[in-house]
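# A look at the structure
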Amino acid sequence: MSRRHLATLRSFIAAWDERKRFRWELEQMAKDNPHLIDDIGLTRRQVEAEIAKPFWRK
């Protein structure tokens, strides 16, 4: 595998990891401090839709 392909693969994995972490943190915020969801301008439905996405989807 070429260096370019490895760099691309690393980039994908990093993006997937970031999405997974963000969605986990969003879920925790929704559970622990639901008022903060309103503060960031999201609805409960939007949060649930974001949390339900698989890590590979934007």
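Every residue gets a number counted from 1 within its own chain, in the order that chain's sequence is written. Totals for whole chains, interfaces and linings use all residues, but because this is a predicted model, local features are given only for residues with pLDDT of at least 70 and pairs of side-chain atoms are given and counted only at 80 or more. The side-chain values count all of the structure's non-hydrogen atoms but skip hydrogen atoms and water molecules.

Note on ring pairs: Phe, Tyr and Trp rings are taken, using the six-membered ring of Trp, and paired if centres are within 6.5 Å. Classes follow the plane angle, with under 30 degrees stacked, over 60 edge-to-face and the rest tilted. This structure, assessed with the given rule, holds 3 aromatic pairs. On the numbers, 5.4 Å between centres and 70 degrees between planes, the contact of W16 with F55 is edge-to-face. Of the two residues, W16 sits in helix 1 (residues 3-32) while F55 sits in the segment after helix 3 (44-52), which places them 39 residues apart along the sequence. Note on exposure labels: buried denotes an accessible area under 20% of the residue type's maximum, exposed denotes more than 50%, and partly exposed covers the range between, all computed with a 1.4 Å probe on protein chains only. With a relative accessible area of 30%, W16 lands in the partly exposed category. Summarising the aromatic geometry, the rings of F55 and W56 are spaced 5.1 Å apart at their centres and angled 85 degrees between planes, so their arrangement reads as edge-to-face. Ring pairs connect the aromatic residues F12, W16, F55 and W56, which therefore count as one cluster. Strands are runs of DSSP state E lasting at least two residues, helices are runs of H or I lasting at least four, and both sets are numbered from the N terminus onward.

Nothing here speaks to function; it is geometry throughout.
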